[in-house]
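# Summary of structural features
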Amino acid sequence: TEIYTLSLHDALPILMAPVTILIAQLLRLPVVPILTLEAVFSNIGGTATLIGDPPNILIGASCGLSFNDFLLNLTPVVLITMAVSLTIILFTMRKHLRTMPSAVAQVRMTEPKLAILDASRLSRAMWVFGFVLLGFFTSRLTGLEPGIIAICGAFIMALVCKIELAHMLEKVEWNTILFFCGLFMMVGALELDGVFEKLGLWMIHVTDGNFALTMMIILWGSAILSAIIDNIPLVIAMIPLITSIIPAMADKTGMSPEQIREPLFWALALGACLGGNGTMIGASANVVVCQIARKNRYPITFWQFTRCGFPLMIVSVSICSVYLYWRYIL
């Protein structure tokens, strides 16, 4: 069920990118940098919640972490990261964000309500969406997995909005689902063969049982690797590796497994989600935005994205390093 929710992170770029292109054209602003930053901030904001980014969904489902756990532990540092990143962008791009008063007046003349073709259907859909969010917040109390809540919400919305089931299923990315099915099976086989246990013992040996160093290696290692490969398969491989580290780390440090477990998984979530900003292929949102940009004749090259995203990735992961050390070590 968690596999179905992987496309939630792509929904925002799919909805926002075309609107962004139109507004940037009307205001005569540079389209490519704004679209790139839209993908970057989609990844930063998605780090804050369980359903915001696919790696978080995988971590929450595999480790029993609730929606509220992500809010309490990740949202504070995400807000700080977002504020710092926005300050840097406004300072570095201040000359490119100026526009003509006539262009601003033209945008103000538009009537957004005319874009709503069926107000009653939109109202029904928003009610269902509200109940889905409520289900995410109360998932620990009800005992329902986020994937079950998302699937039930999708079918209820299809019924309430009178959408044919066959038409809805056509929109599902079956190729992606089958890919992750195979990936889950491969990782499961490696786990049964003891590969991750051996890697975990090797990591304990390298760090000499130093909990802070292990946490920083997971944070920075997952961030750098996420920039090279997509963060979803990385997290799938890292979850059993971290799970294998916990007992040995507890014996080495004298800490309880619970004290070790959550900080290491928060480091993985922050590194994987924010590391996806490093390159164009680091996260699914990046790929979606670049595809939409190309279709609208605003191609974004690999190096254009990297020049913008990689420095912000370094800044955001550095902030997370300080946050994790302050909150879980000091």
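Below, the structure is looked at part by part. (Residues numbered from 1 in each chain as written. Predicted model: local features only at pLDDT ≥ 70, side-chain atom pairs only at ≥ 80, totals over all residues. Heavy atoms only, no water.)

### Examining helix α3 (residues 54-63)
Buried residues dominate α3, accounting for eight of its 10 residues. Buried residues of α3: Pro-54, Pro-55, Asn-56, Ile-57, Leu-58, Ile-59, Gly-60 and Cys-63, and no others. Gly-64 occupies a position one or two residues after α3 and carries a positive phi of about 70°. (Buried < 20%, exposed > 50% of the residue type's maximum accessible area, 1.4 Å probe, protein only. Helix = DSSP H or I, 4+ residues; strand = E, 2+ residues; numbered from the N terminus.)

### Quick look at the environment of Phe-41
Secondary-structure assignment places Phe-41 in helix α2 (residues 31-46). Between the alpha carbons of Phe-41 and Met-82 there is a distance of 7.5 Å; along the sequence they are 41 residues apart.

### Quick notes on the packing of α2 against helix α4 (residues 67-92)
α4 packs onto α2 with a crossing angle of 160° between their chain directions and a minimal axis gap of 10 Å. Here α4 runs roughly antiparallel to α2, going by the angle between their axes. Helix-helix and strand crossings are classified by hand; for α2 and α4 the assignment is right-handed. Together, Leu-37, Phe-41, Ile-44 and Gly-45 of α2 and Val-78, Thr-81, Met-82, Ser-85, Leu-86 and Ile-89 of α4 make up the contact between the two elements. (Axes fitted to C-alpha atoms, helices over the stretch in contact; angles between N-to-C directions. Parallel < 35°, antiparallel > 145°, perpendicular 65-115°, else oblique. Left-handed = near helix turned anticlockwise from the far one by under 90°. Contact = heavy atoms within 4.5 Å.)

### So, the pattern of salt bridges
Under the definition given, this model contains two salt bridges. Across the pair Asp-118 and Arg-121 runs a salt bridge, and its minimum N-O distance is 4.0 Å. For Asp-118, a relative accessible area of 34% puts it in the partly exposed group. Among the ionic pairs, Glu-258 bridges to Arg-261, the shortest N-O distance being 3.3 Å. Of this pair, Glu-258 and Arg-261 both sit in helix α14 (residues 257-275), three residues apart, which is roughly one turn of the helix. Owing to a relative accessible area of 45%, Glu-258 belongs among the partly exposed residues under this scheme. (Salt bridge = Lys/Arg side-chain N within 4 Å of Asp/Glu carboxyl O.)

### As for unusual backbone geometry
The residue Arg-28 is not glycine, and still its phi comes out positive at about 60°. Here the phi dihedral of Arg-297 falls at roughly 65°; this positive angle occurs in a residue that is not glycine. Looking at the secondary structure, you find Arg-297 in the loop between α15 (284-295) and α16 (302-328).

### Here we look at the packing of aromatic side chains
Note on aromatic pairs: each is described by the distance of the centres and the angle between the planes. Counted by the stated rule, this structure contains three aromatic pairs. Aromatic pair Phe-70 and Trp-266: ring centres 5.0 Å apart, planes at 80°, arrangement edge-to-face. One end of the pair, Phe-70, is in helix α4; the other, Trp-266, is in helix α14, with 196 residues separating them in the sequence. This pair shows no difference in class: Phe-70 is buried, exactly as Trp-266 is. In this structure, Arg-94 packs its charged tip against the face of Phe-91, placed 4.5 Å from the ring centre. (Phe/Tyr/Trp six-rings, centres within 6.5 Å; stacked < 30°, edge-to-face > 60°. Lys NZ or Arg CZ within 6 Å of the ring centre and 35° of its normal.)

### Thoughts on the packing of α4 against α16
The N-to-C vectors of α4 and α16 enclose an angle of 145°; their axes lie 10 Å apart at closest approach. Handedness of the crossing formed by α4 with α16: right-handed. Of the residues in α16, those touching α4 at Leu-72, Asn-73, Pro-76, Val-77, Ile-80, Thr-81, Val-84, Ser-85, Ile-88 and Ile-89 are Leu-312, Val-315, Ser-316, Ile-319, Cys-320, Tyr-323, Arg-327 and Tyr-328. In the contact of α4 with α16, the residues fall into 13 nonpolar, four polar and one charged. (Nonpolar A, V, L, I, M, F, W, Y, C, P; charged D, E, K, R; others polar.)

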